[in-house]
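# Structural characterization, general
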Amino acid sequence: MLIPHPLLGPRDAGEFTYLGDATLLDRPDWQSETAPQEFYDYVYTRENPPGVHRELWYHEYGDRNWIVVTRNVSTHEILGAELAQDVAKNKGTA
Amino acid sequence: MRYNALRIFKEALTGHKGWTPAWRDAEPQKNYDFIVVGGGGHGLATAYYLAKVYKKSRIALLERRWIGGGNVGRNTTIVRSNYMMHGNQPFYELSLKLWENLEQDLNFNAMMSQRGIINLFHNDAQRDAAIRRGNSILLHGSDAVILDKAGVKELYPFLNTESARFPIMGGLLQPRAGTARHDAVAWGYARGADQHGVDIIQNCEVTGFKIENGEVKGVETTRGDIMAPKIGVAVAGRSSEVMAKAGLRLPIESHVLQAFVTEGLKPILPGVITYGAGHFYISQSDKGGLVFGGNLDYYNSYAWRGNLPTVEEVVEEGISIFPNIARARVLRSWGGIMDMSMDGSPFIDQTPIKGLYFNGGWCYGGFKATPASGYCFAHLMATDTPHKVATALRLDRYKTGHMIDELGAGAQPNLH
Ligand SMILES: Cc1cc2nc3c(=O)[nH]c(=O)nc-3n(C[C@H](O)[C@H](O)[C@H](O)COP(=O)(O)OP(=O)(O)OC[C@H]3O[C@@H](n4cnc5c(N)ncnc54)[C@H](O)[C@@H]3O)c2cc1C
């Protein structure tokens, strides 16, 4: 698989390590009333869809950026990649 | 029809014209007492034990494609019970005991071969961990032997114990472990279930559930609605997708695992070997092919194929321990979808929906579990209480803090 790194262009997937579902960027509020349930879902449960999936990849053997990759997990086709910091900034969580 | 030597002899003399299909191609009925979803090893074993041991009738097994086409037909066939955690070891030991009697029970040759598995260790810390695991296995009433370097050499003289990058110090041997013929396990259970009256319905995909007031009433399928008050789901890698149709979100990610087989060679490998310095396991099939595999590809996948970096890694590890296989040609490689749970251990449990039961999260270790998984799932569906060796395999164990983290890798499914 080639991952289209937003700064460096196409890079071999072997340069990256994988963390998982990009919802891990949305850390729940620990002061919320429902925090225990939210943290349980955040840490343990997953949507795990068979089609398009947004996920976090770390360019460990490269520029060490975190990337949000949009990928069809049934075909391994990659539909896009953004810097995780940009994704977080756009959400206002960075 | 019972299979026996006399029958084979008779058929040989009469042109093999008397064999009949091993199971009926059943048409779906409108109503059943039990529905098992998924015609892999676990689903078929569940249906078999429901009928045979728990004396239930009106059972349907629904398979989306053909039985045995999923992971049960794609795995590296290693059967063992060398676990350590209390929630796991008694369960896998029951499984191994059932394996030991499977062929007699099913009247089907599953080629169960207790050729032994050895987990190699390469440093003091690994040796200590192996001794601890070995003791735990013995305390659970199963078998384990610690071998030193000389003991390993005696079994496998060609292994490099001296000059390698990771010299071998010894190994943890489980003599009763081994391999079984994957397809035959599915076919044997299917035949057994059919003989006890189970309707095995292929090309029948479950596309939704009928749920009223928190109770399951039936399933929607590509061959129409089928009703039953008790429905058990055992769909291996597709657990999240199927259970989402009942509105449930699971602690599971789907990942691809690859396996490989070489051309047929003369017998060189009597047992199963796992490499402690990396993650590599290998055995030789009865046809002579070396069957081997390594780690997951590490990322979510529903594709039945993997990627090249993992192929390279697995082959490099293999050659680093067995330089002598470098010239064997790999004939085939393939992938299967694993439902990786958050602690690497499985689930056999009721769901919050009454009458709906879930069996999954087998990661890459579910083949060895097939008999006990079917047995315990049938027990749960028949009696509404967990079987005594499966009481820890709960869906809510992360919430209550009762993980069964055999590897100590935390909530990182791809590391288990
Ligand atoms: C490469 C590889 C190597 C492995 N090596 C080992 C090993 O050495 N030892 C070991 O113990 N384990 C091993 N495993 C793991 C083991 O194969 C699995 O954990 C186990 O087989 C899963 O259970 P199953 O047999 O019931 O699954 P499957 O055979 O996958 O059965 C699930 C069935 O459900 C069906 N299904 C899915 N969705 C639907 C639906 N909506 N409606 C109806 N049917 C549906 C599928 O078509 C499939 O037939 C390995 C797996 C792989 C892929």
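Residues numbered from 1 in each chain as written. Chains lettered and ligands numbered in written order. Predicted model: local features only at pLDDT ≥ 70, side-chain atom pairs only at ≥ 80, totals over all residues. Heavy atoms only, no water.

Naming follows an unreviewed UniProt entry, where chain B appears as Sarcosine oxidase subunit beta family protein of Cognatishimia activa. Taken from UniProt, the Subcellular location (unreviewed entry) comment for chain B reads in full: "Cytoplasm". (UniProt positions renumbered as here; feature names shortened; annotations may be inferred.)

The name given to chain A in an unreviewed UniProt entry is Sarcosine oxidase subunit delta, and the organism recorded there is Cognatishimia activa.

Let us look at the nonpolar core. Residue and element names in this part refer to chain B. Counting residues in each nonpolar core, the largest one holds 51 residues, and the members touching the most others are F91 and Y189. Of all elements in the fold, only β1 (34-37), α2 (41-52), β2 (59-62), α3 (89-100), α4 (102-106), α7 (182-195) and α10 (370-383) reach the threshold of two or more residues within this core. Formed by 32 residues, the second largest nonpolar core is a distinct cluster that contains A26, A60, L62 and L250. (Core = buried A, V, L, I, M, F, W, Y, C linked by side-chain atoms within 4.5 Å. Buried < 20%, exposed > 50% of the residue type's maximum accessible area, 1.4 Å probe, protein only. Helix = DSSP H or I, 4+ residues; strand = E, 2+ residues; numbered from the N terminus.)

Time to look at the interface of chain B and chain A. Reports of interface size often rely on the accessible area that becomes lost once the parts have come together. With 27 residues of chain B at the contact, the number on the chain A side is 23 residues. Interface area for chain B against chain A, summed over the two sides, is near 2,200 Å², with a carbon-plus-sulfur share of 51%. Summed over the three residues of chain B that lose the most area to chain A, namely R249, N300 and Y302 of chain B, the buried surface amounts to 29% of that side. The tally of links between chain B and chain A comes to two salt bridges. For the salt bridge of R46 of chain A with E253 of chain B, the shortest nitrogen-to-oxygen distance reads 3.1 Å. Taken together, chain B and chain A are joined by 15 residue pairs in polar contact (both at pLDDT 80 or more). For the side of chain B that touches chain A, the elements supplying multiple residues, two or more each, are α8 (239-244), β13 (252-264), β16 (289-300) and α11 (397-400) of chain B. (Contact = heavy atoms within 4.5 Å. Buried area = accessible area lost by both parts, 1.4 Å probe. Salt bridge = Lys/Arg side-chain N within 4 Å of Asp/Glu carboxyl O. Polar contact = N/O pair within 3.5 Å; in protein donor to acceptor, adjacent residues only side chain to side chain.)

Residues and elements named next belong to chain A. For T17, the position within the fold is in strand β3 (residues 17-21). The exposure class assigned to T17 is partly exposed, which follows from its relative accessible area of 30%. Sequence spacing of T17 and E82 is 65 residues, and the spatial spacing of their C-alpha atoms is 16 Å. Setting aside residues up to four positions removed in sequence, T17 forms contacts with L56, W57, Y58 and E60.

As a further point, take the environment of V261 of chain B. All names here are of chain B. If you trace the backbone, V261 turns up in strand β13. Taking the C-alpha atoms as reference points, V261 and G288, 27 residues apart in sequence, are found 9.6 Å from one another. Those residues in contact with V261 that sit more than four places away from it in its chain are G289, L290, V291, R329, V330, L331, R332 and W334.

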